[in-house]
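Next come the chains, spelled out residue by residue.
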Amino acid sequence: MRDSYDAIIVGAGHNGLTLGAYLARSGLEVLVLERRHEEGGGLCTEELTLSGFLHNVHANYHTFVDLAPPVHDLDVRGHGVEYVRPEVQMASIYGDGTALTVHTDLDKTCASIARFSEEDAETFRRLYVEAHGYVDLLLSTLMYQPPMSVKELTRALATFGVEDRSEFLSVKLRRETINQFLDQHFTHPKVKAHLAFHGAVCAYTNDVPGLAIGFPLLVGKIDNWHLCIGGSHRLAHALWRDLAQHGGVMVSDADVRAILVDGSRAVGVRLADGTEVVARKLVASTVSVEQTFLEFLEPSAVPEELRGRIKNDVKHKDWTLFSVHLAMSTLPEYSAAEFDPDVNRAWVVNLGYGSLEELNADFAAARAGQLPEPKPNAAVNSLYDPTDAPPGCATGLLRQFAPFAIAGGGEGEWESLGRWYGHRCIEAWRAHAPNLTDDVILDWVPYTPLQIAQKFPNMVRGDWMMGEVSLANMLDQRPLPELGQYRTPVEALYMAGSTQHPHGFITFAPAYNALQVIAEDLGIDTWWRQV
């Protein structure tokens, strides 16, 4: 590590590495600094249980593969990343033993829905086809460009003539919940529950006003979930290789403690060991707003009003995820396979939510600090990735919607309740897959919301999206209006992580959009593919 670079990026998650790779390809001398021992952030894959069992600790579902420009621009597959798109993407298993399955084959998905409601199956087909018709428009205007305002989006939709040209997309959706959208268009409670479950797994909570505006896009990619063969960390390694091959440097175990400011301009960083590194052109932060402005910058460098708004107005998700990682000697065999054999091949399975009311109740419980009766979703990567476990074995991942702080005891209660709640989640899975007896579960570990915040301080209060997903925290309002365009009040300091539009998940979009702003400010030629 030298003592100066053109660009210094704080955080080597997928956004930090993506921005670094683009800037390195653009001819800048780039340094990416990572607090942890391995690059990747939420892409980390670890042997949490037994040797040879690879567990994706955070990012398991890659839903924007082949939609995100960086996948092509940075030649991710050329760097050795291999993806599989499971044939049976997901399923819902209901309490009466019935099941609904979503396939990469639209006809099969509609046939599964038709077993509950032929009308809903036809509605889903029209919604899916329509969403695919404008998915490019939505991606270019809503995802892979610096954000417009809600008013600008409304005007754009009106100019497009959306009310006359679309059955499902409407300017009214910016005031509606996903529940309202589903009640308007679908009839069967189980079909609605599955679609709402899919939204919730993507952090689009079904009872939050305004999120219906993005729901058609979610449906349009409901069958685009990809699994990274060999673990999600393979994507992180590929991004690092692209960075390195174009002259960039990534340093791990580099704990940034301060962003240095001269006058009103960011000019470098200081590490925990006292090392100072100069940034000749820019500093970009991909960690939380709180870390960046309240910890890394001196109070005198940040307007007092902005500091107050960051303390009081930056919103985080009001529920989080409790996980269980399992090493198993067999694959689950679901009782519901008697109804639909394809559930045994489903990558991701909703275990029990059969109505919107059940989802509503559990989110209300989580917001009140209560632990919902477990209805986890289960993912078995080994169905489609034979490398993630020893021969004849499998990994399992359970995720349950849960509170960060438990009523009456706070987040510290997870230290004593994690193992107990994990056991209850396993029991809930076993109720649907009775072959998962104690003797075939070789080992398991809980991963609590408290552990999320401890492992990744940028995921404040276990917020794996690094900011509330709501209309008030969307587009140019995310995370605050004065920070919504990736620039900051500190000259040459940019925000480029999941705190920014559009949000978390493996979208690459915060980095890609910040790149557009940086390129404009620095006069960088835009050699990359424009969306």
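None of the values given here were measured: they were computed from a predicted structure. (Residues numbered from 1 in each chain as written. Predicted model: local features only at pLDDT ≥ 70, side-chain atom pairs only at ≥ 80, totals over all residues. Heavy atoms only, no water.)

**Notes on the sheet that holds strand β16 (residues 394–402)**
Spatially, seven strands are ordered β7-β6-β14-β15-β16-β13-β17 in an open sheet, and the strand pairing comes out mixed. The open sheet has two edge strands, β7 (99–103) and β17 (441–447), and neither has a second partner. Neighbour-to-neighbour, the strand axes of the sheet open up by a mean angle of 20°, direction not taken into account. Examined bridge by bridge, strand β13 (residues 320–328) and β16 share nine bridges and lie antiparallel to one another. Counterpart to Val324 in the pairing with β16 is Leu398. In the packing of helix α14 (residues 414–432) onto the sheet, contacts are made with β6 (88–93), β13, β14 (348–351), β15 (377–379), β16 and β17, and the angle to β13 comes to roughly 65°. (Pairing = 2+ DSSP bridges. Helix = DSSP H or I, 4+ residues; strand = E, 2+ residues; numbered from the N terminus. Axes fitted to C-alpha atoms, helices over the stretch in contact; angles between N-to-C directions. Contact = heavy atoms within 4.5 Å.)

**Describing the pairing of strand β11 (residues 265–271)**
Every regular strand shows the same layout, with side chains that alternate between the two sheet faces. Where strand β10 (residues 256–262) and β11 come together, six bridges link them in antiparallel fashion. By the bridge assignment for β11, Val261 is matched with Ala266. Connecting β10 to the next strand, β11, in antiparallel fashion are two residues, including Gly263 with a positive phi near 70°. As paired elements, β11 and strand β12 (residues 276–285) share three bridges and run antiparallel to each other. Across the sheet, the residue bridging to Gly268 is Val278, located in β12. Here β11 folds back onto β12, and the loop between the two strands holds four residues, one of which, Gly274, carries a positive phi near 95°.

**What to know about the pattern of salt bridges**
One pass over the full model with this rule turns up 25 salt bridges. For the salt bridge of Glu29 with Arg280, the shortest nitrogen-to-oxygen distance reads 2.5 Å. Taken together, the residues span a long stretch of sequence, with Glu29 in the loop between α1 (14–25) and β2 (30–33) and Arg280 in strand β12 at a distance of 251 residues. Here the residues in one salt-bridge network are Arg2, Asp6, Glu29 and Arg280, joined through shared partners. (Salt bridge = Lys/Arg side-chain N within 4 Å of Asp/Glu carboxyl O.)

**Some thoughts on the packing of helix α8 (residues 189–201) against helix α13 (residues 356–367)**
Across the interface, α8 lies against α13 with an axial gap of 8 Å and an inter-helix angle of 35°. Contacts from Lys192, Ala193, Ala196, Phe197 and Ala200 in α8 reach Leu356, Leu359 and Phe363 in α13. Considering only residue class, the contact of α8 with α13 consists of seven nonpolar, no polar and one charged. (Nonpolar A, V, L, I, M, F, W, Y, C, P; charged D, E, K, R; others polar.)

**Points about the environment of His55**
The residue His55 is located in strand β4 (residues 55–56) in this model. The sequence separation of His55 and Ala389 amounts to 334 residues, and the corresponding C-alpha distance is 9.1 Å. Those residues in contact with His55 that sit more than four places away from it in its chain are Cys44, Thr45, Glu46, Glu47, Leu48, Thr49, His325, Leu326, Ala327, Thr395 and Gly396. Among the polar contacts listed, one links the side chain of His55 to the side chain of Thr49, at a separation of 2.7 Å. (Polar contact = N/O pair within 3.5 Å; in protein donor to acceptor, adjacent residues only side chain to side chain.)

**Brief notes about α13**
The end-to-end C-alpha distance of α13 is 17 Å, a good match for the 16 Å that twelve residues give at a rise of 1.5 Å each. For α13, the set of buried residues is Leu356, Leu359, Asp362, Phe363, Ala365 and Ala366. Within two residues after α13, Gly369 carries a phi angle of roughly 80°, on the positive side. (Expected span 1.5 Å × (residues − 1). Buried < 20%, exposed > 50% of the residue type's maximum accessible area, 1.4 Å probe, protein only.)

**Brief notes about α14**
For the α-helix, the turn length of 3.6 residues means that residues three or four positions removed from each other point alike. Along its 19 residues, α14 runs 26 Å from first to last C-alpha, staying within 8% of the 27 Å computed at 1.5 Å per residue. Those residues of α14 lying buried are Trp414, Gly418, Tyr421, Gly422, Cys425, Ile426, Ala428, Trp429 and His432.

**Regarding the packing of aromatic side chains**
Two aromatic rings, taken as a pair, are described by how far apart their centres are and by the angle between their planes. Taken as a whole and judged by the stated rule, the model has 22 aromatic pairs. Of the aromatic side chains, those joined through ring pairs into one cluster are Trp319, Tyr353, Phe363, Phe401, Trp464 and Phe505. Stacked on the ring of Phe339, the Lys or Arg Arg115 has its end atom at 3.7 Å from the ring centre. (Phe/Tyr/Trp six-rings, centres within 6.5 Å; stacked < 30°, edge-to-face > 60°. Lys NZ or Arg CZ within 6 Å of the ring centre and 35° of its normal.)

**Some thoughts on the packing of α1 against helix α10 (residues 233–245)**
At a minimum axis distance of 8 Å, the contact between α1 and α10 shows a crossing angle of 25°. As the angle between them shows, α1 and α10 are arranged roughly parallel. Remark: the crossing between α1 and α10 carries left-handed chirality. Only Ala236, Leu239, Trp240, Asp242 and Leu243 of α10 make contact with α1, whose side of the interface consists of His14, Leu17, Thr18, Gly20, Ala21, Ala24 and Arg25. The residue makeup of the contact of α1 with α10, split by class, is seven nonpolar, three polar and two charged. (Parallel < 35°, antiparallel > 145°, perpendicular 65-115°, else oblique. Left-handed = near helix turned anticlockwise from the far one by under 90°.)

**Some thoughts on unusual backbone geometry**
A cis geometry characterises the amide bond from Arg478 onward to Pro479, with omega recorded as -5°. Residue position: Pro479 is located in the loop between α15 (449–455) and β18 (493–495). The residue after His501, namely Pro502, is reached through a cis peptide bond having omega 5°. Following the sequence through the fold, Pro502 ends up in the loop between β18 and α16 (509–522). Even without being glycine, Ala203 reaches a positive phi, approximately 75°. Within the secondary structure, Ala203 sits in the loop between α8 and α9 (215–220). Residue Ala203 is classed as buried on the basis of its relative accessible area, which comes to 0%. Of note, the phi angle at Arg461 is positive, near 55°, even though the residue is not glycine. Considering the arrangement of structural elements, one finds Arg461 in the loop between α15 and β18.

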